[in-house]
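Spelled out, the chains give:
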Amino acid sequence: MEFTPGIDAVVLVGGKGTRLRPLTLSAPKPMLPTAGVPFLSHLLSRIRAAGITHVVLGTSYRAEVFEEYFGDGSALGLELEYVVEAEPLDTAGAIRNVADRLRAEDVVVFNGDILSGADLGKLIGTHRNADADVTLHLQRVADPSRFGSVPTDASGRVLEFLEKTPNPPTDQINAGCYVFRRSVIESIPHGRPVSVERETFPGLLEAGAYVQGFVDSSYWLDVGTPEAFVRGSADLVRGIAPTSALPGSPGESLLLDGADVHESATVDTGTTVGERAVLGEGARVAGSVVFDDAVVEAGAVVENSVLGKGARVGARTVLRGVVLGDGASVGADCELLEGARVWPGIALPDGAVRFSSDA
Ligand code: GTP
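Residues numbered from 1 in each chain as written. Predicted model: local features only at pLDDT ≥ 70, side-chain atom pairs only at ≥ 80, totals over all residues. Heavy atoms only, no water.

## Observations regarding the UniProt feature "domain: Mannose-1-phosphate guanyltransferase C-terminal" (unreviewed entry) in the protein
Per the UniProt record, the feature "domain: Mannose-1-phosphate guanyltransferase C-terminal" (unreviewed entry) sits at residues 255-344. The distance separating the terminal C-alpha atoms of residues 255-344 is 24 Å; by composition the span is 0% helix and 40% strand. (UniProt positions renumbered as here; feature names shortened; annotations may be inferred. Helix = DSSP H or I, 4+ residues; strand = E, 2+ residues; numbered from the N terminus.)

Here it is, written out as structure tokens:
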């Protein structure tokens with residue numbers, strides 16, 4: 001195992017996760033079941049595999065559930081600490097808020113909603129070799145126009161932080177993972193919301209600080225939207241996204257304890273079927289996340305969708321790119337398509353919705 005001594009990790013997990021509502025009404029985004037475990041377990045496994053053991057979680061929204069699940073972290077070989085913000089302090093404010101828990105000179109900070117295969121040892125090595133104030137993981141992406149971009153010079157030093165534009169000059173984007181010199185964290189204003197992207201990083205450049213880029217093009221996904229969340233979960237199940245927290249071996253599906261899948265049902269493309277969830281006769285579930293106790297009745301088709309805890313899909317109903325909140329149900333013979341979301345506990349009766357042109 002790689003060992004990276006003298007470094008602390010901070011994981012930001014305090015966001016409200018509004019883009020993932022209604023799933024994030026009952027659980028914060030990093031705690032959503034993803035390939036059989038909370039999303040955060042995958043990131044923590046990666047941190048541990050890099051030899052980092054002291055991890056501080058910056059929490060705010062639904063703070064208590066993190067500690068209830070992970071405790072002191074010893075089961076994962078980690079020493080976990082929790083710092084709660086009374087009011088959300090935004091990303092840099094959250095990093096500043098944990099400063100008094102840090103022990104090492106170098107601190108690697110993670111957004112808690114990113115799946116990544118970047119080599120943390122190399123990221124930290126780049127930071128140390130450059131003797132940088134901050135080093136950012138910069139991801140090369142196919143369509144940088146969807147993000148702010150971060151150009152660098154020939155030595156990898158960051159030149160500027162650009163807002164989203166239709167024709168960005170580089171395909172490098174801020175990947176939501178940074179190594180900070182601890183003294184830089186201490187210079188962030190304390191006790192008010194501060195954004196790393198909008199305030200801290202541009203301010204550092206203006207002040208002449210050394211901001212280095214670590215450019216990478218391995219697996220990377222921000223699971224902030226429902227589409228990305230289902231893709232990330234499926235990629236974990238299929239072994240495309242790196243993790244050592246998968247309960248079982250990679251494959252086309254992950255069936256958790258007590259999942260009841262009819263022999264004529266098909267489950268594939270990285271689907272997870274939660275504990276005690278039921279898939280009826282001839283049901284077809286692909287690329288989806290089925291939370292515990294959910295039910296898919298006979299002949300239903302569920303693709304690239306999330307079924308919340310105890311949600312129900314009626315017979316012959318078709319869901320594509322849909323989110324059902326906990327306990328929501330869609331009756332028989334319905335069709336719900338891309339982007340539809342049903343709030344927790346809402347029940348749509350048989351035949352209530354049908355969008356296809358042949359209806
Ligand atoms: P949306 O509301 O859907 O945009 O999601 P979000 O609230 O998680 O925001 P975003 O995706 O921009 O956040 C990036 C990362 O920073 C996530 O891991 C969040 O949990 C975390 N984060 C965002 N705001 C705060 C905050 O005020 N405090 C803390 N501790 N973490 C935050």
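## Focus on the layout of surface pockets
Taken as a whole, the second largest pocket encloses approximately 450 Å³ of empty space. Along the walls of the second largest pocket sit 25 residues, with Met31, Leu32, Pro33, Pro38 and Asp292 positioned nearest its centre. Secondary-structure elements contributing two or more residues to the lining of the second largest pocket are helix 1 (23-26), strand 3 (37-38), helix 3 (64-70) and strand 18 (289-290). Both domains that furnish three or more residues to the lining of the second largest pocket are identified here as domain 1 (7-226) and domain 2 (252-354). (1 Å grid on protein atoms, 1.4 Å probe; cavity = no way out; pocket = protein on both sides within 12 Å on 5 of 7 lines; lining within 4 Å. Points joined across faces, edges and corners; volume = space filled by probe spheres on them. Domains from an automatic or database assignment.)

## Some remarks on the sheet that holds strand 10 (residues 211-216)
Spatially, 5-4-1-6-9-8-10 is the arrangement adopted by the seven strands of the open sheet, whose pairing is mixed. Of all the strands in the sheet, the pair left with one neighbour each is strand 5 (79-84) and strand 10. Between one strand axis and the next, the sheet turns by 25° as a mean value, whatever way the strands run. Sheet analysis places strand 8 (residues 134-140) next to strand 10, joined by six bridges and oriented parallel. Of the residues in strand 10, the one forming a bridge with Gln139 is Asp216. The strands touched by helix 4 (residues 90-97) within the sheet are strand 1 (7-12), strand 5, strand 6 (106-111) and strand 9 (172-181), with strand 1 carrying the most contacts at an inclination of about 140°. Here helix 7 (residues 196-206) sits on the sheet in contact with strand 8, strand 9 and strand 10, set at roughly 65° to strand 9. (Pairing = 2+ DSSP bridges. Axes fitted to C-alpha atoms, helices over the stretch in contact; angles between N-to-C directions. Contact = heavy atoms within 4.5 Å.)

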